[in-house]
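Structure assessment
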Amino acid sequence: MTFPVPGPRTARILAGAFGALAVVHLAALLTRAATGTADGLGAAADLAVHVTKPALMPVLAGFVLARGGPPLLAGALLFGCGGDTFLQIGGDTLFLLGMGSFAAGHVCYLVLFARHGAPDARRGRTAAAAAAYAAVLTGTVALLWLDLPPELRIPVAGYSLLLTTMAFGALRAGPWAALGGLLFLLSDTLIATGIAEWPQLPGPQFWIMLTYIAAQCALAGGVLRAVAAPRGPRAAAQPTRTAGSAV
């Protein structure tokens with residue numbers, strides 16, 4: 001017995017479904033921020049937020065597989081779904097589980113960058129980038145430290161180190177992945193400032209999810225491009241792999 005292999009049509013359908021889910025989710029966040037959850041419209045928006053959030057990354061993972069992308073990339077996105085779900089339910093224990101799920105996704109990304117990325121041959125530029133990311137990590141953790149709940153300081157610092165390492169590693173996979181790493185840093189920094197009870201932008205969940213969705217899209221697209229790109233003279237002579245070039 002054989003099973004059908006997903007093709008371009010399936011990928012287009014999943015891309016459209018992901019785009020629709022993202023628009024509905026972000027619109028619902030804006031509506032909830034503007035109206036609250038007491039009236040009918042706000043309650044409907046809150047329900048839409050809770051239904052669409054855990055569906056986003058599985059659909060994007062399906063798109064990746066339909067484009068012939070590596071299963072590990074789909075795994076990274078599904079770990080993101082786990083993090084989304086745990087954080088949405090709430091509570092200190094589930095927050096830590098959510099952070100752990102996102103951390104597992106970052107490890108998947110790091111493995112993908114090592115397998116399919118190409119290191120910058122200019123060592124000076126790589127060293128400068130490493131110093132910049134290290135400065136961002138150190139400065140952010142130092143500024144947030146005293147305002148974080150004591151029981152979250154070490155976990156947040158450890159997670160921030162892994163996240164920053166992932167963002168730096170994304171430079172190996174090209175500009176799209178690098179952009180995704182930076183957006184992930186921004187999204188999670190917005191979450192951390194909320195935990196530290198710093199002043200927030202209006203509708204903070206909208207900005208967190210906007211940058212997060214864009215980050216995952218850029219990371220997925222960057223990895224798909226890196227997988228499809230030939231590497232070196234021998235690779236140039238081989239047929240191009242089936243992974244798509246963009247999300």
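Residues numbered from 1 in each chain as written. Predicted model: local features only at pLDDT ≥ 70, side-chain atom pairs only at ≥ 80, totals over all residues. Heavy atoms only, no water.

Brief notes about the overall build of the protein chain
A tally of helices and strands in the protein chain yields 9 helices and 0 strands. Each helix (α) and strand (β) of the protein chain, taken in turn from the N terminus, gives the series α-α-α-α-α-α-α-α-α. Relative to the globule expectation of 18 Å for 247 residues, the C-alpha radius of gyration of the protein chain, 19 Å, shows essentially globular dimensions. When the backbone C-alpha atoms are referred to their principal axes, the protein chain occupies close to 60 × 50 × 30 Å. In the protein chain, which comprises 247 residues, the share counted as buried stands at 40%. (Helix = DSSP H or I, 4+ residues; strand = E, 2+ residues; numbered from the N terminus. Rg over C-alpha atoms; globule rule 2.2 N^0.38 Å. Buried < 20%, exposed > 50% of the residue type's maximum accessible area, 1.4 Å probe, protein only.)

Some thoughts on the pattern of salt bridges
Under the defined criterion, the tally for this structure stands at 1 salt bridge. A salt bridge links Asp-46 to Arg-32, with the nearest nitrogen and oxygen atoms 2.8 Å apart. Here the residue Asp-46 occupies a position in helix α2 (residues 40-66), and Arg-32 occupies one in helix α1 (residues 8-35), the gap between them amounting to 14 residues. According to the relative accessible area criterion, Asp-46 is partly exposed, its value standing at 22%. (Salt bridge = Lys/Arg side-chain N within 4 Å of Asp/Glu carboxyl O.)

Some details on the packing of helix α7 (residues 175-195) against helix α8 (residues 204-228)
Where α7 meets α8, the closest approach of the two axes is 7 Å, and the angle between their N-to-C directions is 155°. Looking at the two axes, α7 sits roughly antiparallel to α8. Taken as a pair, α7 and α8 cross one another with a handedness that is left-handed. Mapping the contact onto sequence places Trp-176, Ala-177, Leu-179, Gly-180, Gly-181, Leu-183, Phe-184, Leu-186, Ser-187, Leu-190 and Ile-191 in α7 and Trp-207, Ile-208, Thr-211, Tyr-212, Ala-214, Ala-215, Gln-216, Ala-218, Leu-219, Gly-222 and Arg-225 in α8. Each residue belonging to the contact of α7 with α8 can be placed in one class, and the counts come to 15 nonpolar, 6 polar and 1 charged. (Axes fitted to C-alpha atoms, helices over the stretch in contact; angles between N-to-C directions. Parallel < 35°, antiparallel > 145°, perpendicular 65-115°, else oblique. Left-handed = near helix turned anticlockwise from the far one by under 90°. Contact = heavy atoms within 4.5 Å. Nonpolar A, V, L, I, M, F, W, Y, C, P; charged D, E, K, R; others polar.)

Description of helix α6 (residues 150-169)
Each full turn of the α-helix corresponds to 3.6 residues, which orients residues three or four apart in the same direction. Over its 20 residues, α6 extends 29 Å from the first C-alpha to the last, a length consistent with the 28 Å expected when each residue adds 1.5 Å. Buried residues of α6: Leu-152, Arg-153, Val-156, Tyr-159, Ser-160, Leu-163, Thr-164, Met-166, Ala-167 and Gly-169, and no others. Structurally, α6 contributes buried residues whose contacts are with α4 (92-116), α5 (123-144), α7 and α8. (Expected span 1.5 Å × (residues − 1).)

A few points about the environment of Leu-87
Counting through the fold element by element, Leu-87 comes out in helix α3 (residues 71-89). Sequence spacing of Leu-87 and Gly-36 is 51 residues, and the spatial spacing of their C-alpha atoms is 20 Å. Once residues within four sequence positions are removed from consideration, Leu-87 is found in contact with Leu-94, Phe-95, Gly-98, Met-99, Phe-102 and Ile-191.

So, the packing of aromatic side chains
A full pass over the atoms with the stated rule returns 6 aromatic pairs. Between Phe-102 and Phe-184, the ring centres sit 6.3 Å apart and the planes meet at 80°, which makes this aromatic pair edge-to-face. Residue Phe-102 is located in helix α4, and its partner Phe-184 is located in helix α7; the two are separated by 82 residues in the primary sequence. One exposure class covers both Phe-102 and Phe-184, and it is buried. (Phe/Tyr/Trp six-rings, centres within 6.5 Å; stacked < 30°, edge-to-face > 60°.)

Examining the layout of surface pockets
The gaps left among the atoms become clear once a water-sized probe is rolled over them. The computed volume of the largest pocket comes to approximately 420 Å³. For the largest pocket, the lining is made up of 23 residues, of which Lys-53, Leu-87, Gln-88, Ile-191 and Gln-205 are closest to its centre. Listed by contribution, the elements that provide at least two residues to the lining of the largest pocket are α1, α2, α3, α4, α7 and α8. Among the residues making up the lining of the largest pocket, the classes are represented as 11 nonpolar, 7 polar and 5 charged. (1 Å grid on protein atoms, 1.4 Å probe; cavity = no way out; pocket = protein on both sides within 12 Å on 5 of 7 lines; lining within 4 Å. Points joined across faces, edges and corners; volume = space filled by probe spheres on them.)

So, the side chain of Asp-84
With respect to the secondary-structure elements, Asp-84 resides in helix α3. The buried charged residue Asp-84 lacks any salt bridge, with Lys-53 as its nearest oppositely charged partner at 5.0 Å. Non-local contacts of Asp-84, meaning those with residues more than four positions away in its chain, are made with Lys-53, Met-57, Phe-102 and Tyr-212. (Lys, Arg positive; Asp, Glu negative; His and termini not counted.)

Let's talk about the nonpolar core
Counting 58 residues, the largest nonpolar core has Tyr-109, Phe-113 and Phe-184 as its most contacted members. With 11 residues, the single largest contributor to this core is α8. (Core = buried A, V, L, I, M, F, W, Y, C linked by side-chain atoms within 4.5 Å.)

What to know about a nonpolar patch on the surface
Together, Leu-201, Trp-207 and Leu-210 give the surface a local cluster of nonpolar side chains, amounting to about 260 Å² of exposed area. Checked against the element boundaries, Leu-201 lands in the loop between α7 and α8. (Patch = residues over 30% accessible without salt bridge, like charges linked within 9 Å, V, L, I, M, F, W, Y side chains within 5 Å. Areas by Shrake-Rupley, 256 points an atom, 1.4 Å probe, with all protein chains shown as cover.)

Comments concerning the state of the cysteines
As enumerated under the stated definition, the model contains 0 disulfides in all. Not part of a disulfide, Cys-81 finds its nearest cysteine sulfur in Cys-108, a span of 14 Å. Residue Cys-81 is classed as buried on the basis of its relative accessible area, which comes to 13%. (Disulfide = S-S within 2.5 Å.)

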